[in-house]
Amino acid sequence: AIDYIRACLDSFRLDQFETANILLNIVNDGYVNVEREGISVRYPCRPLLIATFNPEEAELRDHLLDRIAISLSADAQVLEIKQRVDAVDAVIDFSPSE
């Protein structure tokens, strides 16, 4: 069974290329590798990444921006919780199912 992987990153650093590349690999491949204490397991997943970042630190790279389903500006109108949930549900519903 494919599980949804939900990751929430607060103040994601756009200049940390290695971290961004790991996240891109998970999004592109549909797998996450878990490695701990000599054990390595590969799980299929459908990732949902929620992140905040400071655009003053660096530009959002095009190949990362291409994989973002929803992008909201901090100075945009404040959304209620139900509106936020509806937005995420709309993206999940739009995504191809397996």
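Within any chain, residue numbers begin from 1 and follow the written order of that chain's sequence. Per-residue local features are limited, in this predicted model, to residues with pLDDT of at least 70; the limit for side-chain atom pairs, both in listing and counting, is 80 or more; totals at the level of whole chains, interfaces and linings are taken over all residues. The basis for every side-chain value is the complete set of non-hydrogen atoms in the structure, without hydrogens or water.

A. How the structure looks around the overall build of the protein. In this description a helix means any DSSP run of H or I spanning at least four residues, a strand means any run of E spanning at least two, and both kinds are numbered starting from the N terminus. Secondary structure summary: the protein contains three helices and three strands in total. Relative to its full complement of 98 residues, the protein shows a buried share of 13%. Any pair of residues with heavy atoms lying within 4.5 Å of one another is described as a contacting pair. Within the protein, contacts between residues at least 6 apart in sequence are counted, and of these 64% link residues at least 24 apart. Surface summary for the protein: the accessible area is close to 8,100 Å², and the carbon and sulfur share equals 53%. Only protein chains enter the area calculation, which uses a 1.4 Å probe; residues under 20% of their type maximum are buried, those over 50% are exposed, and those in between are partly exposed. Each accessible area is a Shrake-Rupley result for a 1.4 Å probe, and residues are judged covered by the shown protein chains and nothing else.

B. Here's a closer look at the pattern of salt bridges. Each reported salt bridge corresponds to a side-chain nitrogen of Lys or Arg within 4 Å of a carboxyl oxygen of Asp or Glu. For the structure on display, the rule yields one salt bridge. Between Lys 82 and Asp 86 there is a salt bridge, with its nearest N and O atoms 3.0 Å apart. Placement of both Lys 82 and Asp 86 in helix 3 (residues 81-94) is noted, with a separation of four residues, approximately one turn of the helix.

C. Structural detail: the confidence of the model for the protein. pLDDT is a per-residue confidence score from the predictor, ranging from 0 to 100. Chain-level pLDDT for the protein is 76 on average; 77% of the residues reach the 70-or-more range. Within the protein, no element has a lower average pLDDT than strand 1 (residues 3-12), which sits at 68, and none a higher one than strand 2 (residues 31-36), at 84.

D. Just the nonpolar core, in detail. Formed by Phe 12, Ala 20, Leu 23, Leu 24, Leu 60 and Leu 64, the largest nonpolar core amounts to six residues. By residue number, the principal contributor to this core is helix 1 (residues 17-29), which donates three residues. Contact partners of Leu 24, with chain neighbours within four places excluded, come to His 63, Leu 64 and Arg 67. We call a set of buried residues a nonpolar core when its members are Ala, Val, Leu, Ile, Met, Phe, Trp, Tyr or Cys and they connect through side-chain atoms within 4.5 Å of each other.

E. Here's a closer look at the environment of Gln 16. Looking at the secondary structure, you find Gln 16 in the loop between strand 1 and helix 1. Gln 16 sits in the partly exposed class, given a relative accessible area of 37%. As for Gln 16 and Ala 58, which are separated by 42 residues in sequence, their C-alpha atoms are 10.0 Å apart.

F. Seen up close, the pairing of strand 3 (residues 39-53). Whether two strands pair depends on DSSP finding at least two bridges between them. Of the strand pairs in this sheet, strand 2 and strand 3 are connected by six bridges, and their pairing is antiparallel. Considered in strand 3, the bridge of Val 34 is made with Val 41. Linking two consecutive strands that pair antiparallel, namely strand 2 and strand 3, is a turn of two residues; a positive phi of about 45° is found at Glu 37 within it.

G. Seen up close, the environment of Gln 83. Structurally, Gln 83 is set in helix 3. Counted as a polar contact is a pair of N or O atoms within 3.5 Å, where, for protein atoms, one must be capable of donating a hydrogen and the other of accepting one, and residues adjacent in sequence contribute only when both atoms are in side chains. A distance of 2.7 Å separates a polar side-chain atom of Gln 83 from the backbone nitrogen of Glu 80.

H. Representation of the packing of aromatic side chains within the structure. Note on ring pairs: Phe, Tyr and Trp rings are taken, using the six-membered ring of Trp, and paired if centres are within 6.5 Å. Classes follow the plane angle, with under 30 degrees stacked, over 60 edge-to-face and the rest tilted. As enumerated under the stated definition, the model contains zero aromatic pairs in all. A ring has a charge above it when a Lys NZ or an Arg CZ is no more than 6 Å from the ring centre and no more than 35 degrees off the ring normal. Its guanidinium or amino end placed over the ring of Tyr 31, Arg 42 lies 4.1 Å from that ring's centre, counting from NZ or CZ.

I. Quick look at unusual backbone geometry. If you check the backbone angles, Glu 37 has positive phi at about 45° while not being a glycine. Relative to the helices and strands, Glu 37 resides in the loop between strand 2 and strand 3. In this structure Glu 37 comes out as exposed when scored by relative accessible area, which is 84%.

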